[in-house]
Amino acid sequence: MKFPTVTLDDKYTLDSGRAYLNGIQVLVRLPMMQRARDVAAGSNTAGFVTGYRGSPLGSVDQEMRKPAPISNAIMCAFSRV
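Not measured: the values here are computed from a predicted model.

### Section: the overall build of the protein chain
Then, in step 1: Along the backbone of the protein chain there are four helices and zero strands.
Then, in step 2: By residue count, 20% of the 81 residues in the protein chain fall in the buried class.
Then, in step 3: Within the protein chain, contacts between residues separated by at least 24 positions form 48% of all contacts whose residues are at least 6 apart in sequence.

### What to know about the side chain of Lys-11
Then, in step 1: Looking at where Lys-11 falls in the secondary structure, it is placed in helix α1 (residues 10-13).
Then, in step 2: At 2.7 Å, the side chain of Lys-11 forms a polar contact with the backbone oxygen of Leu-8.
Then, in step 3: Apart from the residues within four sequence positions on either side, Lys-11 is in contact with Ala-19, Tyr-20, Leu-21, Gln-25, Arg-29 and Glu-63.

### Digging into a nonpolar patch on the surface
Then, in step 1: The grouping of Leu-21, Val-26, Leu-27, Leu-30, Met-33 and Leu-57 at the surface amounts to a nonpolar patch, some 480 Å² of accessible area in total.
Then, in step 2: Checked against the element boundaries, Leu-27 lands in helix α2 (residues 23-40).
Then, in step 3: Residue class for Leu-27 comes out partly exposed when judged on its relative accessible area of 35%.

### Overview of the environment of Met-32
Then, in step 1: In this structure, Met-32 sits in helix α2.
Then, in step 2: Between the C-alpha atoms of Met-32 and Thr-13, which are 19 residues apart in sequence, the distance is 9.4 Å.

### As for the nonpolar core
Then, in step 1: Membership of the largest hydrophobic core is limited to six residues, which are Tyr-12, Ile-24, Val-28, Met-32, Val-60 and Met-64.
Then, in step 2: At three residues, α2 tops the list of elements feeding residues into this core.

### Considering the confidence of the model for the protein chain
Then, in step 1: On average, residues of the protein chain score 79 in pLDDT, and 81% of them reach the 70 mark or higher.
Then, in step 2: α2 holds the highest mean pLDDT among the elements of the protein chain, 87, whereas helix α4 (residues 70-74) holds the lowest, 65.

### Description of α2
Then, in step 1: The first and last C-alpha atoms of α2 sit 26 Å apart over 18 residues, in line with the 26 Å expected at 1.5 Å per residue.
Then, in step 2: Considered for burial, the residues of α2 that qualify are Ile-24, Gln-25, Val-28, Arg-29, Met-32, Arg-35 and Asp-38.
Then, in step 3: Near the N-terminus of α2, the side chain that reaches the backbone nitrogen of Ile-24, with its oxygen 3.1 Å away, is that of Asn-22.
Then, in step 4: Taken from the residues just after α2, Gly-42 is the one with a positive phi, measuring 85°.

About the cut-offs
In every chain, residue numbers begin from 1 and rise along the written sequence. Thresholds applied to this predicted model are a pLDDT of at least 70 for local features of residues and 80 or more for the giving and counting of side-chain atom pairs; totals over whole chains, interfaces and linings are not thresholded and use all residues. Here the side-chain values reflect all heavy atoms present in the structure, with hydrogen atoms and water set aside. A run of H or I in DSSP becomes a helix once it reaches four residues, and a run of E becomes a strand once it reaches two; helices and strands are each numbered from the N terminus. Categorising residues by exposure relies on relative accessible area from a 1.4 Å probe, with only protein chains included: less than 20% of the type maximum marks a residue as buried, more than 50% marks it as exposed, and the intermediate range marks it as partly exposed. By definition in these notes, contact holds between two residues if any of their heavy atoms fall within 4.5 Å. N or O atoms within 3.5 Å of each other form a polar contact, as long as, within protein, one can give a hydrogen and the other can take it, and as long as residues adjacent in sequence are counted only when both atoms are side-chain atoms. In this scheme, patches are assembled from residues that exceed 30% relative accessible area and form no salt bridge. Like charges are connected within 9 Å, while nonpolar side chains (Val, Leu, Ile, Met, Phe, Trp, Tyr) are connected within 5 Å. Only the protein chains shown count as covering a residue, and every accessible area follows the Shrake-Rupley method with a 1.4 Å probe. Take a side-chain nitrogen of Lys or Arg and a carboxyl oxygen of Asp or Glu: if they are within 4 Å of each other, that pair is a salt bridge. Among buried residues, the Ala, Val, Leu, Ile, Met, Phe, Trp, Tyr and Cys ones that are joined through side-chain atoms within 4.5 Å form a nonpolar core. Summary of the metric used: pLDDT quantifies the predictor's per-residue confidence within the range 0 to 100. In this scheme, a helix's expected span is set at 1.5 Å multiplied by one less than its residue total.

Structural data, given as structure tokens:
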């Protein structure tokens, strides 16, 4: 029995099959999936993710700041306030 090759980026790059994600990873993947749907529909859209210091979801921005494939897929820019 041959097993498929698995990488740590699968949680963000798989188009089909199963990927096991935690809650923060799901919140990062959702804008990626929405962007892909919009591009497929011919729309050039953008999203806006916001929060506050001390938020229980504070690590969402840290996960989005990780290198490709995430930042390339969601076309994000970050600023410090």
